[in-house]
Amino acid sequence: MNIHARVRIAHPGFDLDVDLHLPGRGVSALFGVSGSGKTTCLRAIAGLERTSARVSGSDPGNYLDVNGAVWQDDAHGVFLPTHRRPLGYVFQEASLFAHLSVRENLEYGRKRAARDARSVDLPSVIDLLGIDAVLDRMPDRLSGGERQRVAIARALLTRPHLLLMDEPLAALDLARKQEILPYLQRLHDALEIPLIYVSHAPDEVAQLADHLVVLEQGRVLASGPLSETLARLDLPIRLGEDTGVVLEGAVAERDAHWHLARIAFSGDYPDLHVWVRDSGVPLGQRVRVRILARDISLALETHSDSSILNALPATVDQIAADTHPALALVRLNAGGVPLVARVTQRSAANLQLHPGQKLWAQIKAVALVG
Amino acid sequence: MDSLFTAADLSAIWLTVKLATVVTMILLLLGTPIAWWLARTRSAWKGPVGALVALPIVLPPTVLGFYLLVTLGPNGPIGQLTQALGLGVLPFTFAGLVVGSVIYSLPFVVQPLQNAFEAIGERPLEVAATLRASPLDAFFSVVLPLAKPGFLTATILGFAHTVGEFGVVLMIGGNIPEKTRVVSVQIYDHVEALEYTQAHWLSAGMVLFAFLVLLALYSLNPGRRRA
């Protein structure tokens, strides 16, 4: 089961041409700077954007298959209009109907989808997004964060087979973002359908995505599982200070005395772990940690006289130039776990870094992202 | 009442109200699709059609009335059509008055509706489509309620403008009691006959009516002042 989308759109001065294969479950992030075509691509998947006509009889044309259901196939003249596609769409800005209360907004799609959907559990969706207290309000009486939560609930209540989100947090300030992200994480864990999430914010991608697609100027630069794709050095992913990897592990131990939690990863050897601040996550829980390249330093030997808590034995995979000529990016393999370190070119020369070299990755900071 | 208005006055008032009501209803039915098309189309015809609809705003009513008289008359193309259909000719009938008034008041209904539809934009329709509403469903469940202030303005302006017309009525309707003699024509008659008292009562009534209409417009629709 997966999603196959071939989208071609030519506007004056902009040209989108992508061929995507995305997993049929979990969160796929379309990541790129503004103007990279990610929103246009999402709108085309929803049927909201007019796609280019075929240029010849041999041109396969635009095509969209969502877990076996064909929504568009230009070569066979198939095009489902948006209202016939079982999808949920969350727009970037508040899109609630101003003339309807929150409850009526929720009912709008639910009622119309009822014909072809299983019975939808209204209370559980209301609970999942924490909007019980605002049901009888009008949209203009809601905060920006509440509006987006209602919009997400409204989309879910149509029982979509595919959920599309276009930068749902972009119009919100940082505090509102922090308010919604936990709900999105709960959604990520509870959702049985695929979610395509458009974003230009690396922290959102780190927290939510399972699969990462990087778009630049209307083309796919990379598409693959999140940690693998983030660790690729050949990609000009302009993350800058945010360059780093996201790893998935489980809480293996909680040290009550030092208030630390041990996150274990499955790798080539046992006891592959990092310590993080204990935020109260229960034992056994799957979590994500994010390690930025600038927070990893490299040493040829392990030091017990250092304040650094986490040091992993690793092998140098690849060395590449960074955006600034003084810096280098080094991809490491720590027992099957990919890491990216940023060091100065001078240090790289001093340590005589080369692929295959064994050394220690000293990790200054690990962030628990979900 | 008898001292204020003559029987002819009352008949003119009743005819005016009837005309304005019928015309307003036709205008809303006709103006809504035109306004919708003008608000949403990217066609090159948008400009010409918009200008055509707006013509009555700038044309002297007599010009409009003259051409209507010619086209609807026994030798005009539409007159020949109505005769072939067994409808007779429209000039100097109530139906003719309705046709003339609809054309004359069209821009006063189309433009507020067009503005309202343009203000709503594409987004609510896209949202409705992602919530499984067909385009027609979305029009009735989303566009109509959101455009309510626009419809209110259009209704009031269409009605009031029809009540206030004179030139087109005179050209195409003439001055037939109980058929085409509306209030504005009746006032003209009174003045011609030097019945100034009667003219005063009707005129003062029109002034009051116009004031109340505008008052209603501005108090029901405060958004217009902000815009």
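Reading guide: rules and limits
- Residues numbered from 1 in each chain as written.
- Chains lettered and ligands numbered in written order.
- Predicted model: local features only at pLDDT ≥ 70, side-chain atom pairs only at ≥ 80, totals over all residues.
- Heavy atoms only, no water.
- Contact = heavy atoms within 4.5 Å.
- Buried area = accessible area lost by both parts, 1.4 Å probe.
- Salt bridge = Lys/Arg side-chain N within 4 Å of Asp/Glu carboxyl O.
- 1 Å grid on protein atoms, 1.4 Å probe; cavity = no way out; pocket = protein on both sides within 12 Å on 5 of 7 lines; lining within 4 Å.
- Points joined across faces, edges and corners; volume = space filled by probe spheres on them.
- Nonpolar A, V, L, I, M, F, W, Y, C, P; charged D, E, K, R; others polar.
- Pairing = 2+ DSSP bridges.
- Helix = DSSP H or I, 4+ residues; strand = E, 2+ residues; numbered from the N terminus.
- Axes fitted to C-alpha atoms, helices over the stretch in contact; angles between N-to-C directions.
- Domains from an automatic or database assignment.
- Polar contact = N/O pair within 3.5 Å; in protein donor to acceptor, adjacent residues only side chain to side chain.
- Buried < 20%, exposed > 50% of the residue type's maximum accessible area, 1.4 Å probe, protein only.
- Core = buried A, V, L, I, M, F, W, Y, C linked by side-chain atoms within 4.5 Å.
- Phe/Tyr/Trp six-rings, centres within 6.5 Å; stacked < 30°, edge-to-face > 60°.
- Lys NZ or Arg CZ within 6 Å of the ring centre and 35° of its normal.
- Parallel < 35°, antiparallel > 145°, perpendicular 65-115°, else oblique.
- Left-handed = near helix turned anticlockwise from the far one by under 90°.

Q: I'd love a proper account of the interface of chain B and chain A, names of residues and values included.
A: On the side of chain A, 22 residues touch chain B, which itself brings 18 residues to the contact. Overall, the association of chain B and chain A removes approximately 1700 Å² of surface from exposure, summing both partners, and the carbon and sulfur fraction of that is 61%. It is Thr130(B), Leu131(B) and Arg132(B) in chain B that bury the most area against chain A; as a group they hold 43% of the surface buried on that side. At the boundary of chain B and chain A, one finds three salt bridges.

Q: Quick one: what's the story with the layout of surface pockets, residue by residue and with numbers?
A: Its boundaries defined by the atoms lining it, the largest pocket holds a volume of some 920 Å³. Around the largest pocket, the lining comprises 29 residues; the ones closest to its centre are Gly47(A), Leu48(A), Arg40(B), Glu122(B) and Glu126(B). Its residues assigned to classes, the lining of the largest pocket shows 15 nonpolar, seven polar and seven charged.

Q: Describe the sheet that holds strand β9 (residues 195-199) of chain A, naming the residues involved and giving the relevant values.
A: Residues and elements named next belong to chain A. Spatially, the six strands line up as an open sheet ordered β7-β8-β9-β3-β10-β11, and their pairing is mixed. Each edge of the open sheet carries a strand with a single partner, namely β7 (87-90) and β11 (219-225). Neighbour-to-neighbour, the strand axes of this sheet turn through a mean angle of 15 degrees, independent of strand direction. Its contacts with the sheet place helix α1 (residues 38-46) against β3 (27-31), β7, β8 (162-166), β9 and β10 (211-216), and it is angled at close to 150 degrees to β8.

Q: Talk me through the domain arrangement of chain A; I want residue IDs and the actual numbers.
A: Residue and element names in this part refer to chain A. When cut into domains, chain A gives domain 1 (2-238) and domain 2 (244-368). Contacts between the two partners involve 16 residues from domain 1 and, on the opposite side, 14 residues from domain 2. Summed over both sides, the interface between domain 1 and domain 2 buries roughly 1000 Å², with carbon and sulfur atoms accounting for 62% of that surface. Along the contact surface separating domain 1 from domain 2 lie one salt bridge. Between Arg288 and Asp210 there is a salt bridge; the shortest N-O distance is 2.7 Å. Inspection of the domain 1/domain 2 interface yields five residue pairs in polar contact (both at pLDDT 80 or more). At the level of elements, α6 (202-208) and α7 (226-230) are the ones that each hand at least two residues to the side of domain 1 that touches domain 2. When residues of the side of domain 1 that touches domain 2 are assigned to their parent elements, the largest contribution, six residues, is made by α6. When grouped by side-chain class, the residues that make up the side of domain 1 that touches domain 2 number nine nonpolar, three polar and four charged.

Q: Can you break down the side chain of Asn310(A) residue by residue, with the values?
A: All names here are of chain A. Positionally, Asn310 belongs in strand β17 (residues 310-321). Given a relative accessible area of 6%, Asn310 falls into the buried group. Of the polar contacts made by the side chain of Asn310, one reaches the backbone nitrogen of Trp275; its length is 2.6 Å. Non-local contacts of Asn310, meaning those with residues more than four positions away in its chain, are made with Val274, Trp275, Ala361, Gln362, Ile363 and Val366.

Q: Just give me the short version of the nonpolar core, but keep the residues and values in it.
A: Formed by 70 residues in total, the largest nonpolar core has its most connected members in Leu164(A), Ile196(A) and Phe117(B). Per element, the largest residue contribution to this core is 11 residues, and it comes from helix α5 (residues 94-120) of chain B. Leave out the neighbours within four places in its chain, and Ile196(A) touches Ile3(A), Leu22(A), Ser28(A), Leu30(A), Leu42(A), Ile45(A), Leu162(A), Leu163(A), Leu164(A) and Met165(A). Formed by 37 residues, the second largest nonpolar core is a distinct cluster that contains Val281(A), Ala314(A), Ala334(A) and Val337(A).

Q: Summarise the sheet that holds strand β13 (residues 260-265) of chain A; cite the residues concerned and give the values.
A: All names here are of chain A. The strand order β14-β13-β12-β15-β21 describes an open sheet built from five strands, whose pairing is antiparallel. With one partner strand each, in any of the chains shown, β14 (272-277) and β21 (367-368) form the two edges of the open sheet. As paired elements, strand β15 (residues 286-292) and β21 share two bridges and run antiparallel to each other. What sits directly across from Arg290, in β21, is Ala367.

Q: Can you explain the environment of Thr24(B)? Please cite residues and give values.
A: Residues and elements named next belong to chain B. Mapped onto the fold, Thr24 is located in helix α1 (residues 7-40). Spatially, the C-alpha atom of Thr24 lies 17 Å from that of Ala216, the residues being 192 residues apart in sequence. When near neighbours in sequence (up to four residues on either side) are disregarded, Thr24 contacts Thr155, Gly158 and Phe159.

Q: Requested: an account of the side chain of Ser28(A), with residues and values cited.
A: Residue and element names in this part refer to chain A. Within the fold, Ser28 resides in strand β3. We classify Ser28 as buried; its relative accessible area is 2%. With near-sequence residues (within four places) excluded, Ser28 lies in contact with Leu22, Pro23, Leu195, Ile196, Tyr197 and His211.

Q: Tell me what's going on with the pattern of salt bridges, and back it up with residues and numbers.
A: Enumeration over the complete set of coordinates arrives at 24 salt bridges over all chains. Asp137(B) is paired through a salt bridge with Arg112(A); the nearest N and O atoms lie 2.7 Å apart. Linking Asp137(B) in helix α7 (residues 135-146) with Arg112(A) in helix α2 (residues 102-113), this pair reaches from one chain into another. Classification of Asp137(B) by relative accessible area gives partly exposed; the value is 23%. Note that Arg288(A) is salt-bridged to Glu248(A), the shortest N-O span being 3.5 Å. With Arg288(A) in strand β15 and Glu248(A) in strand β12 (residues 244-255), this residue pair connects regions lying 40 residues apart in the sequence. Relative accessible area serves as the criterion here: at 5%, Arg288(A) is assigned to the buried category. Through salt bridges with shared partners, a single ionic network connects Arg43(A), Glu49(A), Glu93(A), Arg123(B) and Glu126(B).

Q: I'd like to hear about the packing of aromatic side chains, residue by residue, with values.
A: The geometry of two aromatic rings is summed up by the distance between their centres and the angle between their planes. This structure, assessed with the given rule, holds 10 aromatic pairs over all chains. Ring geometry for Trp36(B) and Phe139(B): centres 5.1 Å apart, planes at 80 degrees, overall edge-to-face. Residue Trp36(B) is found in helix α1, and its partner Phe139(B) is found in helix α7; the two are separated by 103 residues along the sequence. With a relative accessible area of 22%, Trp36(B) lands in the partly exposed category. Cluster of aromatic residues (ring-pair linked, three or more members): Trp36(B), Phe117(B), Phe139(B), Phe140(B) and Phe151(B). One cation-aromatic arrangement involves Arg112(A) over Tyr108(A); the distance from NZ or CZ to the ring centre is 3.7 Å. When the ring centre of Phe97(A) is taken as origin, the NZ or CZ atom of Arg154(A), which lies over that ring, is 5.1 Å away.

Q: Help me get a handle on the environment of Gly57(A), residues and values and all.
A: Following the sequence through the fold, Gly57(A) ends up in the loop between α1 and β4 (63-66). As for Gly57(A) and Ala75(A), which are separated by 18 residues in sequence, their C-alpha atoms are 8.0 Å apart.

Q: Explain the packing of α5(B) against helix α8 (residues 148-164) of chain B residue by residue, including any values.
A: Residues and elements named next belong to chain B. With their axes 8 Å apart at the nearest point, α5 and α8 run at an angle of 165 degrees to one another. On the basis of their axis angle, the class for α5 and α8 is roughly antiparallel. Like other packed secondary-structure pairs, α5 and α8 cross with a definite hand, here right-handed. Between α5, through Ser101, Tyr104, Ser105, Phe108, Val109, Pro112, Leu113, Ala116 and Phe117, and α8, the contact on the second element is made entirely by Gly150, Phe151, Thr153, Ala154, Leu157, Gly158, His161 and Thr162.

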